[in-house]
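Chain residues, written in single-letter form:
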4 protein chains.
Amino acid sequence: MTYSDDVLGRARVSDTADLKAYYERLAGHEAGALWTVANEIEPWYPQPKSVPVLWSYEKLRPLVLESLALVKGDEAGRRVVMLVNPGRKDVSAAVGMLYTGLQVMGPGESMTAHRHQASALRFVVEGQGAWTVVDGQKLRVGPRDFAITPNWTWHEHGNESPEDTGGPVIWQDGLDIPLVNAHDAGFYEVHPELYQQPRPIPDSSLLTYGSGVLRPFGFEDGWHKPYSPLFAYPWERAYPALLDAAKASEGSPYDGIILEYSNPLTGGPVMPTMGAHLQLLRPGQATRAHRHTGSVVYNVAKGSGSSVIAGQRFDWREGDIFAVPSWAWHEHANADASEDAVLFSFDDFPVMRSLGFWREEAYPDNGGHQPLG
Amino acid sequence: MTYSDDVLGRARVSDTADLKAYYERLAGHEAGALWTVANEIEPWYPQPKSVPVLWSYEKLRPLVLESLALVKGDEAGRRVVMLVNPGRKDVSAAVGMLYTGLQVMGPGESMTAHRHQASALRFVVEGQGAWTVVDGQKLRVGPRDFAITPNWTWHEHGNESPEDTGGPVIWQDGLDIPLVNAHDAGFYEVHPELYQQPRPIPDSSLLTYGSGVLRPFGFEDGWHKPYSPLFAYPWERAYPALLDAAKASEGSPYDGIILEYSNPLTGGPVMPTMGAHLQLLRPGQATRAHRHTGSVVYNVAKGSGSSVIAGQRFDWREGDIFAVPSWAWHEHANADASEDAVLFSFDDFPVMRSLGFWREEAYPDNGGHQPLG
Amino acid sequence: MTYSDDVLGRARVSDTADLKAYYERLAGHEAGALWTVANEIEPWYPQPKSVPVLWSYEKLRPLVLESLALVKGDEAGRRVVMLVNPGRKDVSAAVGMLYTGLQVMGPGESMTAHRHQASALRFVVEGQGAWTVVDGQKLRVGPRDFAITPNWTWHEHGNESPEDTGGPVIWQDGLDIPLVNAHDAGFYEVHPELYQQPRPIPDSSLLTYGSGVLRPFGFEDGWHKPYSPLFAYPWERAYPALLDAAKASEGSPYDGIILEYSNPLTGGPVMPTMGAHLQLLRPGQATRAHRHTGSVVYNVAKGSGSSVIAGQRFDWREGDIFAVPSWAWHEHANADASEDAVLFSFDDFPVMRSLGFWREEAYPDNGGHQPLG
Amino acid sequence: MTYSDDVLGRARVSDTADLKAYYERLAGHEAGALWTVANEIEPWYPQPKSVPVLWSYEKLRPLVLESLALVKGDEAGRRVVMLVNPGRKDVSAAVGMLYTGLQVMGPGESMTAHRHQASALRFVVEGQGAWTVVDGQKLRVGPRDFAITPNWTWHEHGNESPEDTGGPVIWQDGLDIPLVNAHDAGFYEVHPELYQQPRPIPDSSLLTYGSGVLRPFGFEDGWHKPYSPLFAYPWERAYPALLDAAKASEGSPYDGIILEYSNPLTGGPVMPTMGAHLQLLRPGQATRAHRHTGSVVYNVAKGSGSSVIAGQRFDWREGDIFAVPSWAWHEHANADASEDAVLFSFDDFPVMRSLGFWREEAYPDNGGHQPLG
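Residues numbered from 1 in each chain as written. Chains lettered and ligands numbered in written order. Predicted model: local features only at pLDDT ≥ 70, side-chain atom pairs only at ≥ 80, totals over all residues. Heavy atoms only, no water.

In the nomenclature of an unreviewed UniProt entry, chain A corresponds to Cupin domain-containing protein from the organism Streptomyces physcomitrii.

This is the structure:
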């Protein structure tokens, strides 16, 4: 298929002196001629400003740790090195309308509580002792655990490892800040008492909803919020779920064994604006390429391999973060012949679905593999 | 509140000769006068024909085992001792419109495949080696495991313990047969090949959906059936879920810690016509009485205790089955001071909910405890 | 397809002396052998006790009017001649679990207010001046208007035509009383003040929701009840909707142009337990036969014709009421070559749908027409 | 409430030489320090770039008509004067992520067919003879009629008034083009045959779904698309709906009598990305101010009056278009003492709702009226 704008059905008006004068008069009334921009604002297919990027954890880690000494948590609000797409510096996005960053907390450190319209999620990269309190519920999280902080929930975090013997915690934050701002819908509040009073039982949502298949009974006292009542998804439950699924299914030709962290009360995404997935690539597996609307940020949870994104190859290993823009072809390969590789990712798929924007297609040629650009 | 029918707002027409003649003429036209039956068909509150009953497993077990020699599985269709409420013999119901029975399968035995409009569920009481194939998926079930056979799914079962060294399996069947028949909606089909060809991976729904909180991802290939994609709920997952919930919550004043076996894709009941619950009574716990619309059949999964139902006390221990009719006051007590007790139950609550019939109220007097009748 | 019970897959156990003794011992424990009743309670296809019936309005009308003098409204509760299926006298059902009757109110008469678990609907047959107050909303209804009284809404009615010059009103009541009772869920309450205090604006739900395609706006103050916020559906809107639909579609081969009275907020049925339809048969149209689960009560709103139900022909004209049992073949014909015929009907289809019981099939032979039995 | 960033809980890190050097090193890795932008990207409340604007129809109309001679429809694609917010010229938005424009078609003119990811709606301002074909369904629209062209539906339009005696048609287009582009989800296709073959019955969705309260019956053949099956909402039905609602309700203190054009199968908005409303201000009525997330474009359908938006007064009369940005206080007044005024509007409220971004608050002071800025 060719995409020429010089066809009937596209705007093809040439400038003339009369038209230029007309355009100027329109401009004087806060107006313009649609046909001067129509082809640009109604493109044949998505034209993201985001580009594929990989952030090497090996390179970023020292910089992240360096910030511990450079700024105090209370002055920074949060001590985070954010990862910014070269094409999206104006909105501090990693890709599309998703923000991500690496947050570091020293042993014994804690941050004040706030809430905001933006939804947040965490994927722990390294370190012991991390906790977060979300709407009064204390969650303890360790490496590769996934947790959510839905929109407008109070939250604060810290690292309760001992100041003398403990080490720092680094986790990846994912937020929909650029999405919220694009929709002119941002709100922010500092907790009136700076810190929440957590309820006595930690990890209560995990105790209550963690089985996923037996839920608290009651006709009246249900959960009516638009996000998951389960706030933490430990790796020790997520990884076995991948292994189980791998026994029962071939999985997806594009993604290997891929599961979505889900709201056990709806089967839907954990939050209305961001979804999260965990996928396993079998030893040596190389998936076929596909593309879809929606942007994705990956974190390499386990193993090593490579992805080809829009014809460009990115090699990755544990801790690396990479981004796939909307409608970019992408495929993944596990480089190891004996160990599986696991990718965590978060995305804006719930938005694509709610707004009716989801589209997907398989790479048709070459056995499903892109030529390297 | 008093419930006299001799008030304005109730039918209070006395018979006269004229009226009797009139009624006869109406009868000749397949008609009648509403006021002659109005108070009866529109009662102040539910008037179930079902009564509370307890079936002692100790007494039934020998009778159930005796059937092994008395009838062949293939001749009986299924070899089941059904439990019949004294008030519902006309429809073979245990309570309300729920059927239940104890099915026994000898070692090495198997039954042919069929399907029916009625939905079925199983709760294994004793024995090793039981299996069921539901729509081509083989499930292995052991003591206290719960499994479903939703409406119109092909199913067959057996006991694969060795004929020489194995023992019988006894499980409890729960079906909505009386409900289906009351709605003039019963269908039945014998499998054209008498046996299904099971798919190669047993317990595939457990491998795929068992985590409950990570579900297979895919925009297209979803599960659109009105029942749970998860067909088996092992005790080894259900009991820990109860223990977890008990750490996080006081539970219900009427039921202790109570969880519903749920469809992980909706958070709703496992099937549209029958729900199932598992509840834990802490050592020594005595709950308060309540009543609600909807009928319940209980199986004592663990421990011993007693329930007061409509003012009548029933002592129970492991394996016993008892029934609570709609709108009957009921409360439960764990007799043991150090061990928890666990009740499995199934019910028609999903129907109450769909049809808008659910109502519930707490027993208001005497600290929530009924006087014994 | 043949339906023999003498096949593998059905119960085929012959009585023996041993078995008879065994059955007696089971009976002593409120138990029985499933195989003695299995074939009966799990039939090959539905076995309704209801039979097809037609009630002639010409014959019933004088009897209905006669009741005006025979009983006072306040003594009868409601002055209704109920129509009872010969096979369902035990539960006062017209067909399946649906109740129907003809209610008459003399000029100037009114009835006290009550509410019950059963849902009710009205279809006005003749007379001017009828009104009903449903949860404080006064509705005025005339011939062929349809109105609902959802479960547990307070309601009372009357005929406000002048006592001297006015005439009686006759409307058809439809209720799910047998359904409610079968589910042990009946409740009833007389209004504490005997009469409601209606709100000042009559027909407010029609004014507010009647357009169907523009609804009151508000994020907060929504309608969360499980039934339609619109309580009255006037003929003057319903009949033109049929005529419009007839311009755009051929309609159903089994039902002609058929529309469902719907909840404008969901597109679903007006109430969770009963649906209502209006269908137009073009001049001379004879539909093809089909059958489905679910029971239907028809009222001939306009015109004349005939229906063949389970091989039996019933001729009908305006005001006649007839019933089609579950799974009975049925087809309709408009006898008039120049006028359309319109059938109003109500049914339990919402229940069939909620419980997963719906099934439908076309009559396969003879061009879709049943032989007359 | 004061909104100072110099408080604990906000980022308050001052630049130092060390930090500047650190920031530069981060930038070399496509990274940055969150605290340098945190306060800006997580504002206390929404900071839209859009400003309130009013476009005078009197002033724009001659310019719109002038375009008839300046460009041919086929060359322009569509002949539209778009209305551009001074703060959103970069994305051609009228306000927020909503696009709007005035499209003109001369008598006898027609445009080729295309489809796009963006959803469109029309509100006819003046002229007779307009039509649009949406996915094969021809719709005829006149002044003040509202019609939709949901995402990815084929559409083309024209003006079938006679070339010699007819006049031009001007309608307002509303699209979510900026929204689609912000989500990197734009697709566009020219119809392979340039024109659709419309089905024989015009306005079929109006004939089929227009009653809103009686819908086509059928268990199988339902409408499963995420937008309304009704494509046209004539003024002759919408205005009486307003008048009816005005009889039954006081309406909203902020909006007068306000109704939402709704999907009759869901009660929800007409499309997943844009909603539309019609509101009536009684003679002399002045509403109270409120603000909410979500952007709105108004068209004055009838009458005259004024709105105060963010403290600025805008006088309007028929045909004028004005925009209210997210979170701007706004209130409306009907200037006429005897005639009602009617405002049509479209908005992104469905997006606010799906993404969980909706918020609303009343203006608390001065009797609900803003001081003029």
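1. A short note on the overall build of chain A
Assigned secondary structure in chain A consists of eight helices and 24 strands. For a compact globule of 373 residues, the expected C-alpha radius of gyration is about 21 Å, and chain A comes in at 23 Å, within 12% of that figure. Its C-alpha atoms give chain A principal-axis dimensions of about 75 × 55 × 50 Å. Expressed as a percentage of its 373 residues, the buried residues of chain A come to 64%. Total accessible area on chain A stands at roughly 13300 Å², and carbon and sulfur atoms take up 50% of it. (Helix = DSSP H or I, 4+ residues; strand = E, 2+ residues; numbered from the N terminus. Rg over C-alpha atoms; globule rule 2.2 N^0.38 Å. Buried < 20%, exposed > 50% of the residue type's maximum accessible area, 1.4 Å probe, protein only. Areas by Shrake-Rupley, 256 points an atom, 1.4 Å probe, with all protein chains shown as cover.)

2. Thoughts on the relation of the copies chain A and chain D
When chain A is brought onto chain D, the operation consists of a screw motion whose angular component is 180° and whose axial shift is 0.0 Å, with 0.0 Å RMSD remaining. Considering both components of the superposition, the chain copies are consistent with a two-fold axis. Of every C-alpha in chain A, the one belonging to Ser354(A) sits nearest the axis of rotation, 3.2 Å from it. Taken as a fraction of all interface residues of chain A, those also at the interface in chain D reach 99%, which identifies the copy contact as same-surface. (Least-squares fit on C-alpha atoms with pLDDT ≥ 70 in both. Contact = heavy atoms within 4.5 Å.)

3. A closer look at the interface of chain A and chain D
Taken together, the contacts link 89 residues of chain A with 88 residues of chain D. Contact between chain A and chain D buries roughly 7700 Å² in total, counting both sides, with carbon and sulfur atoms accounting for 64%. Our enumeration of links across chain A and chain D arrives at two salt bridges. For the salt bridge of Arg25(A) with Glu66(D), the shortest nitrogen-to-oxygen distance reads 2.6 Å. Inspection of the chain A/chain D interface yields 30 residue pairs in polar contact (both at pLDDT 80 or more). The element that contributes the greatest number of residues to the side of chain A that touches chain D is helix α3 (residues 57–70) of chain A, accounting for seven residues. Class assignment of the residues belonging to the side of chain A that touches chain D gives a composition of 51 nonpolar, 21 polar and 17 charged. (Buried area = accessible area lost by both parts, 1.4 Å probe. Salt bridge = Lys/Arg side-chain N within 4 Å of Asp/Glu carboxyl O. Polar contact = N/O pair within 3.5 Å; in protein donor to acceptor, adjacent residues only side chain to side chain. Nonpolar A, V, L, I, M, F, W, Y, C, P; charged D, E, K, R; others polar.)

4. Regarding the pattern of salt bridges
Residues and elements named next belong to chain A. Throughout the structure, instances matching the rule amount to 68 salt bridges over all chains. When the shortest N-O distance is used, the salt bridge between Asp173 and Arg122 registers 2.6 Å. Of the two residues, Asp173 sits in strand β11 (residues 169–175) while Arg122 sits in strand β6 (residues 120–126), which places them 51 residues apart along the sequence. Neither residue differs from the other here; Asp173 and Arg122 are each classed as buried. A network of salt bridges, in which partner residues are shared, links Lys138, Arg140 and Glu160.

5. Side note on the environment of Leu281(C)
Residue and element names in this part refer to chain C. As for its placement among the helices and strands, Leu281 is situated in strand β16 (residues 275–281). Relative accessible area serves as the criterion here: at 0%, Leu281 is assigned to the buried category. Sequence-wise, Leu281 and His332 are 51 residues apart; in three dimensions their C-alpha atoms are separated by 8.1 Å. Sequence-distant contacts of Leu281, that is, excluding residues within four places in its chain, are made with Asp255, Gly256, Thr287, Trp316, His332, Ala333, Asn334, Asp340, Ala341 and Leu343.

6. Some thoughts on the interface of chain B and chain C
Tallying the contact residues gives 88 residues for chain B and 88 residues for chain C. Here chain B is connected to chain C by two salt bridges. The interface formed by chain B and chain C holds 29 residue pairs in polar contact (both at pLDDT 80 or more) in total. Considered class by class, the residues forming the side of chain B that touches chain C number 50 nonpolar, 21 polar and 17 charged.

7. Description of the nonpolar core
With 216 residues, the main nonpolar core has Phe146(B), Tyr261(B), Phe146(C) and Tyr261(C) as its most contacted residues. With near-sequence residues (within four places) excluded, Tyr261(C) lies in contact with Phe146(C), Tyr233(C), Ala238(C), Gly268(C), Pro269(C), Val270(C), Ala276(C), His277(C), Leu278(C), Phe344(C), Val213(D) and Leu214(D). One finds Ala185(A), Val270(A), Leu214(C) and Ala238(D) within the second-largest nonpolar core, a separate group that totals 215 residues. (Core = buried A, V, L, I, M, F, W, Y, C linked by side-chain atoms within 4.5 Å.)

8. A few points about the sheet that holds strand β16 (residues 275–281) of chain D
Two modes of strand pairing occur in sheets, parallel and antiparallel, and in both the strands are linked by backbone hydrogen bonds. One open sheet holds the seven strands; their spatial order is β13(C)-β15(D)-β16(D)-β23(D)-β18(D)-β21(D)-β2(D), and the pairing between them is antiparallel. Every interior strand has two partners, whereas the edge strands, β13 (214–216) of chain C together with β2 (53–55) of chain D, have only one. Strand-to-strand twist in this sheet, taken as the mean axis angle between neighbours without regard to direction, amounts to 25°. Inspection of the sheet shows strand β18 (residues 296–302) of chain D paired to strand β21 (residues 321–324) of chain D by four bridges, in the antiparallel sense. (Pairing = 2+ DSSP bridges. Axes fitted to C-alpha atoms, helices over the stretch in contact; angles between N-to-C directions.)

9. Some details on helix α1 (residues 17–27) of chain A
Leu19(A), Tyr22(A), Tyr23(A) and Leu26(A) are the residues of α1(A) that are buried. Axial view of α1(A): buried residues confined to an arc of 100°, hence all on one face. More than 90 degrees from the buried face of α1(A), the exposed residues found are Ala17(A) and Glu24(A). Among the structural elements, β1 (31–33) of chain A together with α3 (57–70) and β3 (80–83) of chain D are those in contact with the buried residues of α1(A). (Arc of directions from axis to C-beta.)

10. Let's talk about the sheet that holds strand β2 (residues 53–55) of chain B
Taken in spatial order, the seven strands make up an open sheet running β13(A)-β15(B)-β16(B)-β23(B)-β18(B)-β21(B)-β2(B), and their pairing is antiparallel. Unpaired on one side and paired on the other, β13 (214–216) of chain A together with β2 of chain B mark the two borders of the sheet. Recorded for the sheet is a direction-independent mean angle of 25° between the axes of neighbouring strands.

11. Some thoughts on the UniProt feature "domain: Cupin type-2" (unreviewed entry) in chain A
Residues and elements named next belong to chain A. Here, UniProt's "domain: Cupin type-2" (unreviewed entry) annotation points to residues 102–164 and 278–344. Helix makes up 0% of residues 102–164 and strand 52%, whereas the separation of the span's terminal C-alpha atoms amounts to 23 Å. Here residues 278–344 runs as 0% helix and 58% strand, with 5 Å between its end C-alpha atoms. (UniProt positions renumbered as here; feature names shortened; annotations may be inferred.)

12. Focus on the relation of the copies chain B and chain C
There are two copies of the chain, and a rotation about an axis plus a shift along that axis relates them. Least-squares fitting of chain B to chain C yields an RMSD of 0.0 Å, with the transformation described by 0.0 Å of translation along the axis and a rotation of 180°. Most of the interface of chain B is mirrored in chain C: 100% of its interface residues are interface residues there too.

13. Focus on the side chain of His292(C)
Residue and element names in this part refer to chain C. With respect to the helices, strands and loops of the structure, His292 is situated in strand β17 (residues 290–292). Within the structure, His292 has its side chain in polar contact with the side chain of His330 (distance 3.4 Å). Discounting chain neighbours no more than four positions away, the residues touching His292 are Ser326, Trp327, His330, Phe349, Trp358, Arg359 and Glu360.

14. A closer look at the packing of helix α1 (residues 17–27) of chain B against helix α3 (residues 57–70) of chain C
Each pair of packed helices can be summarised by the angle the axes make with each other and by the distance between the axes. Orientation of α1(B) relative to α3(C), taken along the N-to-C sense of each, is 165°, at an axis distance of 12 Å. Comparing the axis directions of α1(B) and α3(C) gives the class roughly antiparallel. Crossing of α1(B) over α3(C) shows left-handed handedness. Each of Asp18(B), Leu19(B), Tyr22(B), Arg25(B) and Leu26(B) in α1(B) lies in contact with α3(C), whose residues at this interface are Leu63(C), Val64(C), Glu66(C), Ser67(C) and Leu70(C). (Parallel < 35°, antiparallel > 145°, perpendicular 65-115°, else oblique. Left-handed = near helix turned anticlockwise from the far one by under 90°.)

15. A short note on the packing of aromatic side chains
Per the counting criterion, the structure on display carries 84 aromatic pairs over all chains. Plain terms: the ring middles of Phe146(A) and Phe344(A) are 5.5 Å apart, the flat faces sit at 45° to each other, and that makes the pair tilted. Taken as a pair, Phe146(A) in strand β9 (residues 146–149) and Phe344(A) in strand β23 (residues 341–347) lie far apart in primary sequence, 198 residues in all. Considered together, Phe146(A) and Phe344(A) belong to a single accessibility category, that of buried residues. Consider the rings of Tyr188(B) and Trp44(C), whose centres lie 5.6 Å apart with planes at 85°: the pair is edge-to-face. With Tyr188(B) in strand β12 (residues 188–190) and Trp44(C) in the loop between α2 (38–41) and β2 (53–55), the pair connects residues from two separate chains. When sorted by exposure, Tyr188(B) lands in the same class as Trp44(C), which is buried. Here the aromatic residues Phe123(A), Phe146(A), Tyr233(A), Tyr261(A) and Phe344(A) are joined through ring pairs into a cluster of three or more. (Phe/Tyr/Trp six-rings, centres within 6.5 Å; stacked < 30°, edge-to-face > 60°.)

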